[in-house]
Structures are given as structure tokens and as C-alpha cells.
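Tertiary structure, described
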Amino acid sequence: MTELPLLWTALAAYAAAGCIAIVSLALERRPERWILSLLILGLTLHGASLGVRWIAQGHGPYITLFEILSSNIWSLTLIYTLAYWRVPAVRPAAAFVAPVLFIMMGWLLVTSPAQGHLPPTYRTFWLYVHVLMGKVFLGAVLVAVGLSGLILARLAGRAPLEELAFRFMAAGFVFETLMLVSGAIWAQDAWGRYWDWDPLETWAFLTWLSLAAFLHARVAFRVGPRASAAMILGVFALAFLTFFGVPFVSTAPHKGAI
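Now for a description of the structure that goes with this document.

Criteria and thresholds
- Residues numbered from 1 in each chain as written.
- Predicted model: local features only at pLDDT ≥ 70, side-chain atom pairs only at ≥ 80, totals over all residues.
- Heavy atoms only, no water.
- Helix = DSSP H or I, 4+ residues; strand = E, 2+ residues; numbered from the N terminus.
- Buried < 20%, exposed > 50% of the residue type's maximum accessible area, 1.4 Å probe, protein only.
- Contact = heavy atoms within 4.5 Å.
- Areas by Shrake-Rupley, 256 points an atom, 1.4 Å probe, with all protein chains shown as cover.
- Lys, Arg positive; Asp, Glu negative; His and termini not counted.
- Charge placed at Lys NZ, Arg CZ, Asp CG, Glu CD.
- Core = buried A, V, L, I, M, F, W, Y, C linked by side-chain atoms within 4.5 Å.
- 1 Å grid on protein atoms, 1.4 Å probe; cavity = no way out; pocket = protein on both sides within 12 Å on 5 of 7 lines; lining within 4 Å.
- Points joined across faces, edges and corners; volume = space filled by probe spheres on them.
- Salt bridge = Lys/Arg side-chain N within 4 Å of Asp/Glu carboxyl O.

**As for the overall build of the chain**
Each helix and strand counted, the chain has eight helices and zero strands in total. Starting at the N terminus and ending at the C terminus, the chain contains elements arranged as α-α-α-α-α-α-α-α. Across its three principal axes, the chain shows a C-alpha extent of roughly 50 × 50 × 25 Å. Burial analysis of the chain (258 residues in total) assigns 49% to the buried set. Once local pairs closer than 6 in sequence are excluded, the contacts in the chain between residues at least 24 apart make up 80%. Accessible area of the chain: about 11900 Å², with a carbon and sulfur share of 71%. Distance between charge centres in the chain, computed from 16 positive and 11 negative side chains, equals 11 Å.

Quick look at the structure:
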């Protein structure tokens, strides 16, 4: 009974932080402590909500669309908040990160919170590793997306931001590689094969290739800041569809709920 009130209050705190970030960027103000405080408040309440659901249902928040959206909003916000706290150059990017989270929050609000069924194939340690690596990967790319928004909007010096975005994308590449490796080990335990080119595996590999292509282009061809920012947005769009699109239209055994 306490899960949903905690969740909705957390979403309100996130929304307030995002709105303040957007308005402050437009007005060229820096209420960073307010934004950080609201993000921390939202994360605390949201984490409590996820914990209540986990205890009540006996499994982590990675089965239903409601759980997947909720847990990913939390993890993406957590990773961005850590970057916001530790890297001052990332802070103005909150105005571009917030709309992505708003879309996910709106989607969550119209999704049923009904309990799902935990498949036997999900009862493995490698699932937790796979899910964790995927969340860190997507969070790192989201930070780079926020920086790309600043570059494309010409709201800050582009060269330092481009280098910072590149570093976050490089970190994302490491964690996506680990996500694919741990997912292959999980697949061997679950279905007796490491790889089968099912729709989600294929899209995940295409996302990995797109990220590798971006890193290669950035290092080998020294693409400009705006082209680099546009490529980052393309990688994120593909990753978003891989995480939140393909798993819910595919009929393959590998539903990939993360």
C-alpha cells in the first residue's frame, strides 16, 4: 500500500528538479543545490518504493513494463545525479536529460502496476550482472546525451563538453560489452546456447556496433563537435529502442526485461 504513494512523490520531486533545471538554463541561473536536493529526495523515496515492491513480490523490479520503467528511471536518475554531483560541467545538461526522464515518467503513469510472473530462467546470478551492466551503460550514454544537447544548442564551450561526452560514451561501451558477455552466459544457463540472433540480441549487438562506430569515428576521423553530438543522439535512440521497444514486441523466448 505504501509503494505507489512513495513512487508518485518521488516522480514529483524528479519533475520539479527537471523543471527548475530547464527554467534556470533559459534564465541563465544556477540553483544547483535545489536541483541536487530534489534529485536526492526523489531517489530516496523512489528507492524505498522499489524496495517495498521487491519485498512484497519476492523478486527484483525487472519483470513487467511497469517495473522496468520504474527501475530504469531510478537507475538513470542515480547515474546522472552522481555525475551532476561530481562533474560541474554536467550540471547544465540537466535541462536536456529531464525531457527524456519526463517521457519515461509519463509512460510509467499509464502503465499497470499489476504483479508479473517470474520465469525460471530469471533465477540466476548472471541476470543481476546483466541488468546492472545494462543500466550503467544506458546511464552513461544519457549523460553524454545531455552534454550533446548543450553542444547542439550552443549553450557552452563545445570542445571541453565534446571530450567529456566522449569519455562517458567510452565508459558506456565498456559496460555494454560487459552486458553482452554476461547476457550470453545467462543465455547459456537459461536456454543452452550463448547466442541465437533473436530480435533483442540482434538489436543489442547493433547498438554495440553503433557505439563502437561512434568511438572509432571520433578517434580516427576527428569528427566535429556537432557531428559528434548528433551521432551520440543516434546511438541513444537505438539503445532506447533496444531497451524499451524490442522486448515488448518480440515473441522470442528472450524477452530481455531490464
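**A few points about the nonpolar core**
When a protein is soluble and globular, its nonpolar side chains tend to lie buried together. Judged by nonpolar contacts, the single largest core of 59 residues is most densely connected at L147 and M169. Among the secondary structure elements, those contributing two or more residues to this core are α1 (3–27), α2 (32–57), α3 (65–86), α4 (94–109), α5 (125–152), α6 (158–191), α7 (199–221) and α8 (225–244). Among the elements that take part in this core, α5 stands out by supplying eleven residues, more than any other. Those residues in contact with L147 that lie beyond four places of it in its chain are A89, V90, A93, L161, L164, A165 and F168.

**Concerning the environment of V131**
Note that V131 resides in helix α5. V131 gets classed as buried once you look at its relative accessible area, which sits at 9%. In this structure the C-alpha to C-alpha distance between V131 and T44, which are 87 residues apart in sequence, comes to 21 Å.

**Some thoughts on empty space enclosed by the protein**
Scanning all chains against the criterion turns up three cavities of 30 Å³ or more. One number sums up the size of the second largest cavity: a volume of about 120 Å³. Considering the residues around the second largest cavity, the lining is formed by 14 residues, among which G18, L39, A94, A98 and L101 are closest to the centre. Counting residues per element, the ones that place at least two in the lining of the second largest cavity are α1, α2, α3 and α4. Broken down by element, the residue count for the lining of the second largest cavity peaks at six residues, all from α4.

**Here we look at the pattern of salt bridges**
Pairing of side chains with opposite charge becomes possible as their charged atoms draw close. Applying the stated criterion to the full structure yields nine salt bridges. R91 serves as the salt-bridge partner of E32, at 3.1 Å between the closest nitrogen and oxygen. In this pair, E32 is assigned in helix α2 and R91 in the loop between α3 and α4, connecting sequence segments 59 residues apart. With a relative accessible area of 19%, E32 lands in the buried category. It is possible to trace a salt-bridge network through shared partners that takes in E162, E163, R167 and R218.

**A word on unusual backbone geometry**
Negative phi characterises most residues that are not glycine, and trans characterises most peptide bonds. Despite not being glycine, E28 has its phi angle at roughly 60 degrees, a positive value. Here E28 shows up in the loop between α1 and α2. Despite not being glycine, W197 has its phi angle at roughly 55 degrees, a positive value. In this structure, W197 sits in the loop between α6 and α7. Its relative accessible area of 52% is what places W197 among the exposed residues.

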